[in-house]
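# An overview of the molecular structure
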Amino acid sequence: MTISPRKPPLQLASRLRRVLGGGAGWRGVGLQIVFAALLVWIAYEIVVNARDNLQAQRIATGFGFLSNTAGFAVSQSLIPYSESDTYARVFVVGLLNTLLVAAIGIILSTVIGFVVGLGRLSPNWLVARVCGGYVELVRNLPLLFQILFWYLAVLATLPGPRQSISLLGTFFLSNRGLVVPRPLLQNSFGVFVVAILAGILASLAMRAYARRRLVDRGERITIWPFVLAMIAGLPLLSIAMFGRPLLLEMPELKGFNFAGGLRIIPEFVALTLSLSVYTAAFIAEVVRAGVQSVSKGQMEAGAALGLRRAEILRLVVVPQALRVILPPLTNQYLNLTKNSSLAVAIGYPDLFSVFAGTTLSQTGQAVEIITITMGVYLLISLVTSAAMSIYGWRISRSAAA
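Here the structure is a predicted model, which means the values were calculated and not measured.

### Quick look at the overall build of the chain
For the chain, the helix and strand inventory stands at 11 helices and eight strands. Taking 2.2 N^0.38 as the reference for a compact globule, 401 residues should give roughly 21 Å; the C-alpha atoms of the chain span a radius of gyration of 29 Å, well beyond that estimate. Counting over 401 residues, the chain shows a buried share of 32%. Looking at the chain alone, contacts between residues at least 24 apart form 68% of all its contacts between residues at least 6 apart. Working note: accessible area of the chain is about 24400 Å², and carbon and sulfur atoms make up 67% of it.

Here it is in structure tokens:
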């Protein structure tokens with residue numbers, strides 16, 4: 001008769017943990033299945049309830065309403081639009097207006113935010129206090145209040161067109177908006193754009209080469225004459241060879257309003273300024289935190305190499321700080337895009353105003369319109385996040401190289 005050796009206590013404890021762990025794992029899977037089934041049941045009840053309510057109110061479902069005539073005007077449209085166009089056309093007009101505000105707002109808020117954020121770290125006492133006061137004031141006021149302030153307290157108090165504020169006799173600012181010359185594209189405009197792009201690409205390549213020489217050999221190359229020649233010389237050469245790329249239609253005061261030119265409505269100006277100024281206050285704090293995350297030794301090393309403060313920030317500090325800046329900066333871009341839906345408060349025809357507002361009230365297709373609007377904002381957010389992630393990946397790869 002053989003007697004099996006007793007297993008050490010540690011082996012028994014490990015087997016016991018595996019058995020208990022397996023049971024806990026199965027219990028976790030079971031709970032997830034129950035939770036998923038509960039979600040499916042809730043979604044089913046919502047769909048059934050919405051369908052029954054729509055049938056009771058005799059509201060047709062589906063997206064066929066998009067081909068119906070809209071029958072209302074839109075104050076700003078980047079594409080040709082009239083009241084006889086369809087609701088699908090209205091959707092495109094509102095989407096383009098939203099993207100326009102978001103794009104311009106992101107650019108302006110980024111520039112203002114970086115300037116203010118670096119200004120808060122300035123050794124100049126007055127500059128640092130002014131930038132700090134801007135941040136504390138703007139970010140603690142509601143965005144809707146700031147939109148109404150710019151629209152009612154600033155733009156609405158401007159004089160009428162006959163007494164408008166003129167700049168060089170070309171730009172006119174009044175309570176009806178900003179009137180600027182309208183560009184009329186000519187046949188040579190395509191060549192002009194290609195020349196500008198070629199100059200920008202050549203300048204970027206030269207900048208990358210100069211930076212590589214500075215990092216590898218410590219040699220500083222003066223590239224501004226080359227950059228100026230590429231960015232200004234190539235477009236001028238295209239104009240000399242192919243003629244003017246565009247003509248300007250100048251605005252003229254006729255009666256009580258301007259004729260000709262391009263009018264930028266005050267709702268667009270108020271919304272863009274308020275979104276840019278408000279978001280810039282948060283971006284400034286993001287930039288300040290990112291710069292402060294870089295070791296002070298980096299600043300001292302740059303100064304030891306003889307670099308000026310601006311060069312240290314541009315070449316040493318900010319590239320390292322971008323790793324910290326980009327994630328919260330992406331959140332601010334998303335917030336700006338979604339906050340543009342507050343345009344309904346001042347009547348700017350963005351996607352939420354003309355589609356989820358006017359179109360919904362006329363058609364009653366609440367489920368379809370809300371679904372489309374949610375999907376569009378979600379898609380914009382995902383594309384923005386993906387673009388910023390790719391940019392961050394490129395920065396981290398170049399830093400590793």
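### Re the pattern of salt bridges
Counted under the stated rule, the structure contains five salt bridges. Across the salt bridge formed by R182 and E249, the nearest N and O atoms sit 3.4 Å from each other. Of this pair, R182 sits in strand β4 (residues 182–185) while E249 sits in strand β5 (residues 246–249), and the two are 67 residues apart along the sequence. Taking the relative accessible area as the measure of exposure, R182 reaches 34% and is therefore partly exposed. When its relative accessible area of 31% is taken as the criterion, E249 is described as partly exposed. When salt bridges with common partners are traced through the structure, they connect R120, E136, R139, E285 and R288 into a single cluster.

### As for the packing of aromatic side chains
Counting across every chain of the model gives five aromatic pairs. Seen from their ring centres, F268 and Y348 are 5.9 Å apart, and the 40° between their planes marks the pair as tilted. Here F268 is found in helix α7 (residues 266–292), whereas its partner Y348 is found in the loop between α9 (309–339) and α10 (351–363), with 80 residues between them in sequence. For the pair F268 and Y348, a shared accessibility class is recorded, and that class is buried.

### Things to note about the environment of Q320
The residue Q320 is located in helix α9 in this model. The partly exposed category is assigned to Q320, whose relative accessible area is 26%. Taking C-alpha positions, Q320 is 9.2 Å from S396, a pair spaced 76 residues apart along the chain. Once you skip the residues sitting within four places of it in the chain, Q320 turns out to touch V294 and Q298.

### Considerations on the nonpolar core
The biggest cluster of nonpolar side chains holds 40 residues, and the ones touching the most others in it are L271, L329 and Y348. At the level of secondary structure, the elements contributing two or more residues to this core comprise α2 (87–120), α4 (143–155), α7, α9 and α11 (366–400). Counting residues per element, this core draws most heavily on α9, at 12 residues. Residues within four places of L329 in sequence aside, it is in contact with I283, V286 and M388. The next biggest cluster of nonpolar side chains, apart from the first, holds 18 residues, and it includes F65, F91, L351 and I369.

### Observations regarding the sheet that holds strand β8 (residues 262–264)
Reading across the sheet, the four strands line up as β1-β2-β3-β8 and stay open at both edges, with antiparallel pairing between neighbours. Since the sheet does not close on itself, it has two edges, and those belong to β1 (165–167) and β8, each with one partner. Geometrically, the sheet is characterised by an average inter-axis angle of 20° between neighbouring strands, direction not taken into account. One ladder, built from three bridges, connects strand β2 (residues 171–174) with strand β3 (residues 177–180); its direction is antiparallel. If you follow S174 over to β3, its bridge partner there is G177.

Criteria and cut-off values
Residues numbered from 1 in each chain as written. Predicted model: local features only at pLDDT ≥ 70, side-chain atom pairs only at ≥ 80, totals over all residues. Heavy atoms only, no water. Helix = DSSP H or I, 4+ residues; strand = E, 2+ residues; numbered from the N terminus. Rg over C-alpha atoms; globule rule 2.2 N^0.38 Å. Buried < 20%, exposed > 50% of the residue type's maximum accessible area, 1.4 Å probe, protein only. Contact = heavy atoms within 4.5 Å. Areas by Shrake-Rupley, 256 points an atom, 1.4 Å probe, with all protein chains shown as cover. Salt bridge = Lys/Arg side-chain N within 4 Å of Asp/Glu carboxyl O. Phe/Tyr/Trp six-rings, centres within 6.5 Å; stacked < 30°, edge-to-face > 60°. Core = buried A, V, L, I, M, F, W, Y, C linked by side-chain atoms within 4.5 Å. Pairing = 2+ DSSP bridges. Axes fitted to C-alpha atoms, helices over the stretch in contact; angles between N-to-C directions.

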